[in-house]
Amino acid sequence: MNPNRLAVPVLALFIVPACLTASPSAHAEAQVVQTPYGPQKVVLDFYLDEPRKINAALYWLRSLINPLMDAPYNYSPESLDILVIIHGTEIVTTVKHNHAKYEEAAERMKYYAELGVRFRVCGLAAQDYGYSAKDFYDFIEIAPSAITELAHWQLQGYALITPQIMIKRQTIEEIR
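First things first, this report covers the structure right here in the doc. (Residues numbered from 1 in each chain as written. Predicted model: local features only at pLDDT ≥ 70, side-chain atom pairs only at ≥ 80, totals over all residues. Heavy atoms only, no water.)

1. Details of the nonpolar core
Moving on, step 1. By size, the foremost hydrophobic cluster in this structure holds 45 residues, and its most contacted members are Leu-61, Ile-86, Ile-91 and Phe-119.
Moving on, step 2. Only strand S1 (41–46), helix H2 (54–69), strand S2 (81–86), helix H3 (103–114), strand S3 (118–122), helix H4 (123–129) and helix H5 (146–155) provide two or more residues apiece to this core.
Moving on, step 3. Counting residues per element, this core draws most heavily on H2, which supplies seven residues.
Moving on, step 4. Apart from residues no more than four positions distant in its own chain, Phe-119 is found in contact with Leu-58, Leu-61, Val-84, Ile-86, Met-109, Tyr-112, Ala-113, Phe-139, Ile-140 and Glu-141. (Core = buried A, V, L, I, M, F, W, Y, C linked by side-chain atoms within 4.5 Å. Buried < 20%, exposed > 50% of the residue type's maximum accessible area, 1.4 Å probe, protein only. Helix = DSSP H or I, 4+ residues; strand = E, 2+ residues; numbered from the N terminus. Contact = heavy atoms within 4.5 Å.)

Now the structure itself:
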C-alpha cells in the first residue's frame, strides 16, 4: 500500500474537527474593549468642498472628545490638546456676517472652543475670500497658512485627522 494515500484521510480526521471548533458561534457576542487611551494631541484638517459639510466634520470632533471625557477615561477638557485647521469652503461658517446662514456650525464651534479646542483659519484662504480679522468670531485664530500650520503641529507630535465627509444617500434604517 502507498503510504501517501493513507496520510490524506488520517490528516483529514484532525483538520475537519479543528475547523468546526474554531468557527465562531452564530450566538456569540462582540467583545467590548476599553483601550487605555491617554491624553490626546490632535490636529484636525478641515478642507471641505461644501460649507455645510462642516456640521458633519464637527461630529468627528465630537467623536474624539466625548469618549475621552466620559467614563472610564474622564479626562477634563484641559487635558485634551486639540486644534482644528480650517482652509476650505467651510471658512464662510467662521465669519460673523454669515451667522444666520451657518448658526448651527458657529454655535457648535463656539461650544468646543469653550472646552479648549482651538480653531485656526488659513490666512491665505481668508485673503482669497476677502476676509480680515474683524470678520471672524472671537474664538477664531488666523494662521499664516493651513499647510504650514498642519506640518508644524505634526512635527510637534500631534496626530493628524482629516475627516472624510460622505453624502449619506440612505437612512440607517434602510441599510441595516
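Now that the structure has been shown, the text picks up again.
2. Description of empty space enclosed by the protein
Moving on, step 1. Evaluation of the coordinates by the stated rule reveals one cavity of 30 Å³ or more.
Moving on, step 2. Here the largest cavity is characterised by a volume of approximately 50 Å³.
Moving on, step 3. Taken together, Ile-65, Met-69, Pro-77, Leu-80, Ile-82, Leu-115, Gly-116 and Val-117 form the lining of the largest cavity. (1 Å grid on protein atoms, 1.4 Å probe; cavity = no way out; pocket = protein on both sides within 12 Å on 5 of 7 lines; lining within 4 Å. Points joined across faces, edges and corners; volume = space filled by probe spheres on them.)

3. Examining the sheet that holds S3
Moving on, step 1. With parallel pairing, five strands are arranged side by side in an open sheet as S4-S3-S2-S1-S5. Strands with a single pairing partner mark the edges of an open sheet, and in this sheet they are strand S4 (140–143) and strand S5 (159–161). Within the sheet, the average angular offset between the axes of one strand and its neighbour, ignoring direction, is 30°.
Moving on, step 2. Across the sheet, H2 lies against S1, S2, S3 and S5, angled at about 170° from S1, the strand it touches most. (Pairing = 2+ DSSP bridges. Axes fitted to C-alpha atoms, helices over the stretch in contact; angles between N-to-C directions.)

4. Things to note about the environment of Asp-45
Moving on, step 1. Following the sequence through the fold, Asp-45 ends up in strand S1.
Moving on, step 2. Taking the relative accessible area as the measure of exposure, Asp-45 reaches 12% and is therefore buried.
Moving on, step 3. Along the primary structure Asp-45 and Leu-160 are separated by 115 residues, whereas in three dimensions their C-alpha atoms are 7.2 Å apart.
Moving on, step 4. A distance of 2.6 Å separates a polar atom in the side chain of Asp-45 from a polar atom in the side chain of His-87. (Polar contact = N/O pair within 3.5 Å; in protein donor to acceptor, adjacent residues only side chain to side chain.)

5. Structural notes on the pattern of salt bridges
Moving on, step 1. Under the definition given, this model contains six salt bridges.
Moving on, step 2. Among the salt bridges present, the one from Arg-108 reaches Glu-104, with a minimum N-O distance of 3.9 Å. Of this pair, Arg-108 and Glu-104 both sit in helix H3, separated by four residues, roughly a single helical turn.
Moving on, step 3. For Arg-108, a relative accessible area of 15% puts it in the buried group. (Salt bridge = Lys/Arg side-chain N within 4 Å of Asp/Glu carboxyl O.)

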